[in-house]
Amino acid sequence: MDNLNQFNEVFFEEAQEHLETMETLLLAYDIDAPDIEDLNSVFRAAHSIKGGSGIFGFTAMTGLTHVMENMLDAARNQTLRLNSNLITVLLETVDVLKDVLDSYREENEIDWPMVEAAQATLEQAHANVMSTTKPDQETTEPQPNSAQEAQEAQDFGFFDDEPETNQVVSVSQEDDSFGFFDEETASVDTEEGFGFFEDVTETGVEDPSFGLFESETSPPVVDASEKSPQETVKSESAVVKKASKTGAETKTEATSIRVDTLKIDKLVNLVGELVITQSMLNLIGNDVQDSVMEKMQGALAELERNTREIQEAVMSVRMLPISFVFNRFPRLVRDLSVKLDKKIDLVIEGAATEIDKNLVEKISDPLTHLIRNSIDHGIEAPEQRLAKGKNETGTVILSAAQKGGEIVISISDDGAGLNRERILNKALENGISLPEPLTDEAIWQLIFAPGFSTAAEVTDVSGRGVGMDVVKRNIEALGGRVEIFSVPGMGATFQINLPLTLAIVDGMCVEASDQVFVIPLVNIVESIQPTKAQIKIIKNNPILWVREEYWPLVDIAQSLANDQAHSDLEKAIVVLVETAKSRFGLIVDGLVGQQQVVIKSLERHFRRVEGVAGATIMGDGSVALILDVESLTQFIQADIKGGMAHDSSAAIEF
Amino acid sequence: MTAVQQSSSSTMLAQEFLTFVLGDETYGLDIMTVKEIRGYESATKIANAPSYIKGVINLRGDIVPIIDLRIKFGIGEATYNEWTIVIMLNVKDRIVGIVVDSVSDVMNFDAEDIRPAPEFGVTFDSRYLHGLASMDEQMIIIVDIEELISSDELGLFDTAHA
């Protein structure tokens, strides 16, 4: 039955989602004030996986989820209190289930010993709690089962209204048919029949997870058993029809579809090409003859607008909420806090902030590292915290926000902060040259230096593979930067600034030495034609007095085109630019125009070039270099830079 | 594709070579590395790059570097006219264009046709040579183009720094 393969896929996807739901909810579970609704959701997720895995013959998952379900059911009926120990066991079971799911998905050998061990652990934990907490109640071991069946009957209404009679039946039936059917149904060949009889299925589908079937209707079971014989005939078609509809329960999710990322990347590339072709057409449009000129211009304007809209739409397809990354951290924090015996609250802010998909994947590792770092080195042990008069529980705040063309992600802890002396000592020990002047900010950046051993780092906790230098490198590779703010005793904040997208930049095209360069618009302050009065000379190098400030200058023709420097600044244009760290002017021959450009990698076929962030293709098909303003600062004459840093005005003489 | 490339660097069975002219000399390179051949068009200059790196061009959306081996190895004169040819190569998953005076032919050579190059008298370092082959009295210098293009000496790729 080839059709089954496609259903298997659906099951895998949905089981994955259910496992993630379980993990999220279990992590959020408050032992002291349990939310029954959440428990119900976790229970339903476990139940769905159990049912689905049973149907498709993924028995390794069935057994495990069955035990899980029992425990969860007892918990939601409040015959059992989940303690943090049990939550941990449940989470571990979720991990095992994930492994098993992967094995099934990749058609690998199932690790049965692991599954059985997990099941035993879970049963043991369940039994322990039951025997310790409920000796006085009349509830005995088998009863969670019957209670659960009764509960299902109420919840999903597919059992007849007599829980009493059901109890007997369903308990005995539990093992093979998962309690979806009552006696009548059981007379049908369960394995073949399940999911293929329209009405039987619908009764069976209290389970949203199958997603293959509509579940909005739950006709009386009697009806089902009556109909089933003739339904058998058209079972195939029924399934196919329903598969295309997807369950009513999942209808809210059905507004989204899964698409291979490669397809999206291709789309983005094609749109990039389209933008280029469009600007080529624009150029040609300017040369057409008078008779069609007007029409042509109108059509081109229309095309331009459409192109821009397509571009925006396609770019937004790639944007994902950053929660895709953030969601994995509660688990990390929980595991780490248990391991390190620290109490930690993780607060997540701005999880809805959207970020380019490519960034999502690449930012995950650096963030994991920084969070580990905060917990490992930042947050103190509970005793220390109490001794310092702080709350015993440390807080790590993970936040994301969009600021202008950038995404700002920050990781703040209320721990001890960075230790200035130890960092300095460590740097000296490892022969790392110290920055000048020795400001706090410069010292914090030292921990990103390669060779700044993480093994015996600041707080002597070892055991992590990657160094902070890798974190910094990864972030810089994404066009971002990391800053550190730290107050001794109060905590530290690592702030990451990332560009919104890697693919397109708004730029100003300028001309220098007969070549076009693109300056990212975010960096531009203003473009001016300098007057004689504004030009000052310091040590034979021109600088500019604008906006009550002296601006050092970089001549693009000289620095990037191996050409002569401009001799007469009054005939040139100066584009004033600023970065996080510096402000200066770029000398160019003229402005060409403002336009969105698609960033193409120079490194793909060539290598990195100093002062250049990438390349783009202009309307005429030629290549223009996109300037990396940050790294252009190196072209500022060293002596001027020094002079500027010490005194920005008094030193000027001419 | 990869199998062919492997055999080119190790066993050198009978294979096809594209021959091209630099100055007065005829060279050959493994035709499987050739992506396409096109006329020379001026490239966008790259700042602070050695003179043999002519710059980058747009090859249907890819930004591709163009190098002039004539300048790098001082063979012939680096002139650019309507007959100047660029051979686009696929090397280690990258595209690189090399400027040549002309492209002559595609030739078949067996492994035994290719003799080791003498240690002297050849412009290229022997590391980048497979050897010499002759065809109709003409000597053809068979270049290990992959080795040459990815060499540190040309400095085209970042790998050396990373």
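For the structure itself, look to the data block above.
Below or above, wherever it landed, is the structure these notes cover. (Residues numbered from 1 in each chain as written. Chains lettered and ligands numbered in written order. Predicted model: local features only at pLDDT ≥ 70, side-chain atom pairs only at ≥ 80, totals over all residues. Heavy atoms only, no water.)

Points about the pattern of salt bridges
Residue and element names in this part refer to chain A. The tally for this structure, following the rule as stated, stands at 21 salt bridges over all chains. Notably, a salt bridge pairs Lys-388 with Glu-380, separated by 3.1 Å at the nearest N-O pair. For Glu-380, a relative accessible area of 5% puts it in the buried group. With a shortest N-O distance of 3.4 Å, Glu-483 and Arg-481 are connected by a salt bridge. Under the relative-accessibility criterion, Arg-481 is labelled partly exposed at 22%. Among the ionic contacts, a cluster of salt bridges with common partners joins Glu-23, Asp-95, Lys-98, Arg-331 and Asp-335. (Salt bridge = Lys/Arg side-chain N within 4 Å of Asp/Glu carboxyl O. Buried < 20%, exposed > 50% of the residue type's maximum accessible area, 1.4 Å probe, protein only.)

Examining a negative patch on the surface
Together, Asp99(A), Asp102(A), Glu106(A) and Asp111(A) line one region of the surface with negative charge. With respect to the helices and strands, Asp111(A) occurs in the loop between helix H4 (84–105) and helix H5 (112–133). (Patch = residues over 30% accessible without salt bridge, like charges linked within 9 Å, V, L, I, M, F, W, Y side chains within 5 Å. Areas by Shrake-Rupley, 256 points an atom, 1.4 Å probe, with all protein chains shown as cover. Lys, Arg positive; Asp, Glu negative; His and termini not counted. Charge placed at Lys NZ, Arg CZ, Asp CG, Glu CD. Helix = DSSP H or I, 4+ residues; strand = E, 2+ residues; numbered from the N terminus.)

Remarks on the pairing of strand S10 (residues 138–143) of chain B
All names here are of chain B. Relative to S10, strand S2 (residues 25–30) runs parallel, the two being bridged by 3 bridges. For Gly-28, the partnering residue across the bridge sits in S10 and is Ile-142. As paired elements, strand S9 (residues 129–135) and S10 share 6 bridges and run antiparallel to each other. Residue pairing across strands places Ser-134 opposite Met-139, the latter belonging to S10. Counting the residues that bridge the hairpin from S9 to S10 gives 2 residues, and of these Asp-136 lies at a positive phi of roughly 50°. (Pairing = 2+ DSSP bridges.)

Here we look at helix H17 (residues 357–378) of chain A
All names here are of chain A. Here H17 contains 22 residues, and its C-alpha end-to-end distance of 30 Å stays within 8% of the 32 Å for a straight helix at 1.5 Å per residue. In H17, a bend of some 35° at Ile-363 exceeds every other bend along the element, and Pro-366, a proline, comes one to four places later. Buried residues dominate H17, accounting for 18 of its 22 residues. (Expected span 1.5 Å × (residues − 1). Bend = angle between axes of the 7 residues up to and from the residue.)

Some details on the environment of Glu630(A)
Residues and elements named next belong to chain A. The residue Glu-630 is located in helix H23 (residues 629–632) in this model. The partly exposed category is assigned to Glu-630, whose relative accessible area is 36%. C-alpha of Glu-630 to C-alpha of Ala-613: the two residues are 17 residues apart in sequence and 9.4 Å apart in space.

Things to note about the interface of chain B and chain A
Each side of the interface is counted separately: chain B has 24 residues, and chain A has 21 residues. Across the chain B/chain A interface, buried area totals approximately 2,000 Å², and carbon plus sulfur atoms make up 53% of it. One can count 0 salt bridges joining chain B with chain A. Joining chain B to chain A, the criterion identifies 7 residue pairs in polar contact (both at pLDDT 80 or more). Partitioning the side of chain B that touches chain A into residue classes produces 13 nonpolar, 5 polar and 6 charged. (Contact = heavy atoms within 4.5 Å. Buried area = accessible area lost by both parts, 1.4 Å probe. Polar contact = N/O pair within 3.5 Å; in protein donor to acceptor, adjacent residues only side chain to side chain. Nonpolar A, V, L, I, M, F, W, Y, C, P; charged D, E, K, R; others polar.)

What to know about helix H19 (residues 420–429) of chain A
Residue and element names in this part refer to chain A. Among the residues making up H19, those that are buried are Ile-423, Leu-424, Lys-426 and Ala-427. Take H19 and look down its axis: the buried residues cluster within an arc of 165°, on one side only. In H19, the exposed residues that point more than 90 degrees away from the buried face are Glu-421, Leu-428 and Glu-429. In this fold, the buried residues of H19 make contact with helix H20 (440–445). Of the residues flanking the end of H19, it is Gly-431, one or two places downstream, whose phi is positive at about 65°. (Arc of directions from axis to C-beta.)

A short note on a nonpolar patch on the surface
All names here are of chain A. Together, Leu-281, Leu-283, Ile-284 and Leu-303 give the surface a local cluster of nonpolar side chains, amounting to about 310 Å² of exposed area. With respect to the helices, strands and loops of the structure, Leu-281 is situated in helix H13 (residues 261–285). Judged by its relative accessible area of 31%, Leu-281 falls in the partly exposed class.

Side note on the environment of Met61(A)
Residues and elements named next belong to chain A. Inspection of the secondary structure assignment puts Met-61 in helix H3 (residues 59–76). The spacing of Met-61 and Val-115 is 54 residues in sequence and 8.2 Å in space, taken between C-alpha atoms. Those residues within four positions of Met-61 in sequence are excluded, and the remaining contacts are Phe-11, Ile-49, Ser-53, Leu-97, Val-100, Leu-101 and Tyr-104.

Quick word on unusual backbone geometry
A positive phi angle, close to 60°, is found at Glu548(A), a residue other than glycine. For Glu548(A), the position within the fold is in the loop between strand S12 (541–546) and strand S13 (549–555). One non-glycine residue with positive phi stands out, namely Lys92(B), at about 50°.

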